[in-house]
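Chain residues, written in single-letter form:
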Amino acid sequence: MSAAAERQVAWGILGPGTIANNFAEGVRQTPSAMLLAAGGRTPERLSVFGRKHGVERLYDTYEALVADPDLDVIYVATPHAFHLEHGLLAISAGKGLMVEKPAALAARDVEQLVEAAKRADVFFMEAYKCRCHPQTARLVELIREGAIGAIQHIEARNGGMVERDPQSRLFDPALGGGGIFDIGCYPVSTVQLIAGAAQGRAFAEPVALTASGEIGPTGVDEIAYAEMDFGNGLTASIGCALRMAMDDTLVISGSEGQIVLPNPWRPGRNAGPSDACIVIETANGKREEWLYDPRQLFAFEVEVATRALLEGRKCAISPAMTPEDSILNARTIDRWRAALGLPVVDSASRA
Ligand SMILES: NC(=O)c1ccc[n+]([C@@H]2O[C@H](COP(=O)([O-])OP(=O)(O)OC[C@H]3O[C@@H](n4cnc5c(N)ncnc54)[C@H](OP(=O)(O)O)[C@@H]3O)[C@@H](O)[C@H]2O)c1
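Residues numbered from 1 in each chain as written. Predicted model: local features only at pLDDT ≥ 70, side-chain atom pairs only at ≥ 80, totals over all residues. Heavy atoms only, no water.

(A) Representation of the packing of aromatic side chains in the model. For the structure shown, the criterion picks out five aromatic pairs. With a centroid separation of 3.6 Å and 5 degrees between ring planes, the pair formed by Phe 23 and Tyr 75 is classed as stacked. Taken together, the positions of Phe 23 in helix α2 (residues 18-28) and Tyr 75 in strand β4 (residues 73-76) put the pair 52 residues apart, joining distant regions of the chain. Residues Phe 23 and Tyr 75 agree in their burial class; the two are buried. (Phe/Tyr/Trp six-rings, centres within 6.5 Å; stacked < 30°, edge-to-face > 60°. Helix = DSSP H or I, 4+ residues; strand = E, 2+ residues; numbered from the N terminus. Buried < 20%, exposed > 50% of the residue type's maximum accessible area, 1.4 Å probe, protein only.)

Have a look at this one:
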């Protein structure tokens, strides 16, 4: 075993909220990673989190957390509107950064994070766990080897019915509310990955994008669709919803068949096992490829980032999110929101 493989990467969690609990479990399931510290502003929540996950060091400010000299990397799990501020805080303390999706509320803010990480020579990754699951890597492989011929159309949806609570980060524009930021970002990321694979690149940007949807009474997008054109006869339809039942599926149609992922975003949901199925249908018939893994989904992104850190890399390898991928994702989200008449909510506009 190499020296690198023997070392454990020390993680700190900034913002011990809902999703941070799942992430902590993902760290526990990753032998080369350890959850050393957490930082939060709310003492009761922080101490419950600390007890639940056996976290050795608890800090009552985010500044004190990122200053811990024994931490290698900080996972930022605050609401989207604070990702830029808290991401810069971690980077400026010389720590690697894994930031929850969306990395920030506008492409220029994501660029700022990526640039800051480059300047500080630290790791940067946006936490799209589905992009780290083996079904995504296998999907890219199938597209590249032409399993269904030339890709013509991609359909991706992610949504459901959530109670409209104006206090919730999902419905509060000041906290980056709306379906596009919260769940629509997954279809954006995946269709750009597939379109890229179809065109022999890591990812592709739509040459045209139109949108439709519904803005709710709190001013956030509750239902949103986008039609994308990637050129060369490749199109995509994506959708997301906070206030409507929606299938969470991914369907890729090609000149020689179709690939369906019945569970593209959350195989195993939060607890695992994260088994997943890819359905491939061509003139030769229909077959299912199953991938089995007892771990929960967050363990895959922890592993991807931990491995990169152990190997001294400053970013993940595609199909996990790379910094360039994050910038393009944010750019398309900007376009989708603008097409719906939603305002730009980057740091400059909020200053
Ligand atoms: N990857 C996924 O599957 C997934 C799923 C859900 C959410 N997420 C992402 O994770 C992020 C957090 O979502 P969540 O559902 O975990 O949120 P949450 O339960 O509301 O937790 C947010 C945490 O952020 C901290 N915080 C700091 N400033 C805050 C402010 N002004 N208002 C509210 N909270 C503040 C709070 O920590 P203190 O204890 O310090 O007060 C809280 O613990 C979001 O960006 C979301 O997109 C990802």
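(B) Seen up close, empty space enclosed by the protein. Counting across every chain of the model gives two cavities of 30 Å³ or more. Considering only enclosed or pocket space, the largest cavity measures out at about 50 Å³ in volume. Pro 102, Ala 104, Val 110, Ala 330 and Ile 333 are, among the 13 residues lining the largest cavity, the residues nearest its centre. Considering each element in turn, the lining of the largest cavity owes the most residues, four residues, to helix α10 (residues 323-339). Approximately 30 Å³ is the volume found for the second largest cavity. What lines the second largest cavity is Thr 136, Leu 139, Thr 190, Leu 250, Leu 261, Pro 264 and Trp 265. Residue composition of the lining of the second largest cavity, by class: five nonpolar, two polar and no charged. (1 Å grid on protein atoms, 1.4 Å probe; cavity = no way out; pocket = protein on both sides within 12 Å on 5 of 7 lines; lining within 4 Å. Points joined across faces, edges and corners; volume = space filled by probe spheres on them. Nonpolar A, V, L, I, M, F, W, Y, C, P; charged D, E, K, R; others polar.)

(C) Just the sheet that holds strand β13 (residues 276-282), in detail. Reading across from one edge, β8-β9-β10-β7-β11-β12-β13-β14 is the order of the eight strands in this open sheet, with mixed pairing throughout. Of all the strands in the sheet, just β8 (208-215) and β14 (285-291) have a single pairing partner and so form its edges. Each strand axis lies, on average, 10 degrees off the axis of its neighbour in the sheet, ignoring direction. With four bridges connecting them, strand β12 (residues 257-261) and β13 associate as antiparallel partners. Bridge pairing links Gln 258 to Glu 281 in β13. In this fold helix α7 (residues 134-144) packs onto β7 (151-159), β11 (250-254), β12, β13 and β14, with an angle of close to 15 degrees to the strand it touches most, β13. Relative to β8, α10 is tilted by about 55 degrees, and along the sheet it contacts β8, β9 (221-229) and β10 (235-241). (Pairing = 2+ DSSP bridges. Axes fitted to C-alpha atoms, helices over the stretch in contact; angles between N-to-C directions. Contact = heavy atoms within 4.5 Å.)

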